Amino acid sequence: YYAADFYEIQGGYETYDYFLHGSADAEDSLTIWNGRGNALRQVPAPIISPAKLGEWRAPKDHRDPILRNPCYAYGFFRDTCVVPPDNATDFVKAGFLSDNGNGFSVFIPASGSNTFSLYTGKNPSIRQAQENSELADKYFRKFICIRMENPRQPPVFATVINPYAKNEIVKGVERILPNLLKINAGGDVDFVFENLRKTKTVKIGGKTLSLTGDYGYISLDAQQDFSVKKYHVVNGKLELDNKVIAANGSGCKTSIVRTAGENELTFKETVFPLPERNELSSFVKVINKNSKISFGYFIKAIDRDKKTLTTRGPLGFKAEEGTDIMEFKSFPKYKLDGENKLVFFKVNFN
């Protein structure tokens, strides 16, 4: 399997950086290839200007004034390089390989995207240093940084992560739109998208494929005349040569009362009907009203009488009744004020 990672940004300033780090448990190497399998040079270069970094030193503690500099974390990076662009490739592949033989690859589509720069380097590995700050400069892990500067439209980062270096299913990636990827996965051709508000039509193997929706993918068998193998669409529609796969319209909206345990929440009464058990409505989104931060979950069970919902995985946050505060359970443990909305979505999958 693989993971398609979309990171869509609203707001911000002039420079947008997407970081992905290597192993936190072992020393690793990092190689960059183009789509033809040729290794690309990593040319030593600063990742940030001295003017933005200022007079840098490691902070003494969490109250140190240097933390007020939004760029202070860049001072921890070492051996930073820039990868000169290859205009003849559809994608760039970054391969991380650790000393214990484990590794993964990151496919960065170069076609159909905002112009970006690719940086590499290393930063302290806190886990290898056993959480000891005094040892942080002795253990490092590699990273890549995809940078967009002064984009004309709100930036959308999109990568494809192949988690096993020894069993790489992904062979190539093409970016048709900022939020629509075409992925060559062995004998299959996959289309993966998010927030595709307008219908996009593409030609594949003499067939016409149309896609739209909040989230979704469709996998076509390239060895069987591009017949449909797998699909999943949330609040949208897939159409292949007039065969329609639809999940139109989002369901009811309500608010969270409280959470319990790792994956259970209670919601307020709603005047809208909840999804019936026989409906393919198994996806729900939690939206913090003030910050607009949202999270998506697959539903494991709904108790309509008790007004409780259980997700398939952990929620990752907690909310207490009467507080309207969402508190993250993991670092950096943000607390978000404001009503937490719950939205059910129509889903169709096989």
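Computed from a predicted model, the values in this text were never measured in an experiment.

Of note, Glu131 is situated in the loop between strand E8 (117–124) and strand E9 (140–149). The spatial distance from the C-alpha of Glu131 to the C-alpha of Tyr16 is 29 Å, given a sequence separation of 115 residues.

Secondary-structure assignment places Asp99 in the loop between strand E6 (91–98) and strand E7 (103–109). Of the residues examined, Asp99 reaches a relative accessible area of 65% and is grouped as exposed. Sequence separation of Asp99 and Ser23 is 76 residues, and the distance between their C-alpha atoms is 9.7 Å.

Before going further, it helps to examine the confidence of the model for the protein. Model confidence for the protein is summarised by a mean pLDDT of 87, while 95% of its residues fall at 70 or above. Per-element confidence in the protein is highest for strand E4 (residues 43–44), whose mean pLDDT is 97, and lowest for strand E27 (residues 347–349), whose mean pLDDT is 80.

Reading across the sheet, the three strands line up as E23-E24-E25 and stay open at both edges, with antiparallel pairing between neighbours. Each edge of the sheet is formed by a strand with only one pairing partner; in this case those strands are strand E23 (317–318) and strand E25 (335–337). Sheet topology places E23 next to strand E24 (residues 325–328); two bridges connect them, and they run antiparallel. Each bridged residue has a counterpart across the sheet, and for Lys318 the counterpart in E24 is Glu327.

Moving on, we come to unusual backbone geometry. Even without glycine at this site, Gln130 takes up a positive phi of about 55 degrees. Locating Gln130 in the fold gives a position in the loop between E8 and E9. By relative accessible area, which is 69% here, Gln130 ends up exposed. One non-glycine residue, Asp225, lies in the positive phi region at around 55 degrees. With respect to the secondary-structure elements, Asp225 resides in the loop between strand E14 (207–221) and strand E15 (227–234).

Before going further, it helps to examine the pattern of salt bridges. Inspection of the entire model under this criterion finds 13 salt bridges. Taking the shortest distance from any N to any O, the salt bridge between Asp17 and Arg147 comes out at 2.8 Å. Highlighted residues: Asp17 in strand E2 (residues 15–21) and Arg147 in strand E9, separated in sequence by 130 residues. Of the residues examined, Asp17 reaches a relative accessible area of 22% and is grouped as partly exposed. Relative accessible area serves as the criterion here: at 9%, Arg147 is assigned to the buried category. Put simply, Glu168 and Lys93 hold a salt bridge, and the shortest N to O gap is 3.0 Å.

Turning next to the packing of aromatic side chains. Remark: the centre distance and the inter-plane angle together describe each pair of aromatic rings, the angle taken between the planes. In the structure shown here, the tally under the stated rule is 15 aromatic pairs. Where Trp56 meets Phe76, the ring centres are 5.1 Å apart and the plane angle is 85 degrees; that geometry is what we call edge-to-face. Of this pair, Trp56 sits in the loop between helix H1 (50–53) and strand E5 (78–83) while Phe76 sits in the loop between H1 and E5, and the two are 20 residues apart along the sequence. Looking at Trp56, the relative accessible area reads 27%, which means it is partly exposed. A connected cluster of aromatic rings, assembled from ring pairs, spans Phe19, Tyr74, Phe77 and Phe143. Over the aromatic face of Trp33 sits the side chain of Lys93, whose NZ or CZ is 4.8 Å from the ring centroid. Positioned over the ring face of Phe140 is Lys122, at 4.8 Å from the centre of the ring.

Rules of the game
- Throughout this document, residue positions are counted from 1 along each chain, in the order its sequence is written.
- With pLDDT at 70 or above as the cut-off, local features in this predicted model cover only qualifying residues; side-chain atom pairs require 80 or more to be listed or tallied, and sums for whole chains, interfaces and linings still use all residues.
- The side-chain quantities take in all heavy atoms of the structure and omit both hydrogens and water.
- Strands here are runs of E lasting at least two residues and helices are runs of H or I lasting at least four, both read from the DSSP assignment and numbered beginning at the N terminus.
- The buried label goes to any residue with under 20% of its type's maximum accessible area, the exposed label to any with over 50%, and the partly exposed label to all in between, with areas taken from a 1.4 Å probe on protein chains only.
- The pLDDT value expresses, per residue, how confident the predictor is, ranging between 0 and 100.
- Whether two strands pair depends on DSSP finding at least two bridges between them.
- Each salt bridge in this description consists of a side-chain nitrogen of Lys or Arg and a carboxyl oxygen of Asp or Glu lying within 4 Å of one another.
- We call Phe, Tyr and Trp rings a pair once their centres come within 6.5 Å, taking the six-membered ring for Trp, and we label the pair stacked below 30 degrees between planes, edge-to-face above 60, and tilted otherwise.
- We count a charge as sitting over a ring when the NZ of a lysine or the CZ of an arginine lies within 6 Å of the ring centre and within 35 degrees of the ring normal.

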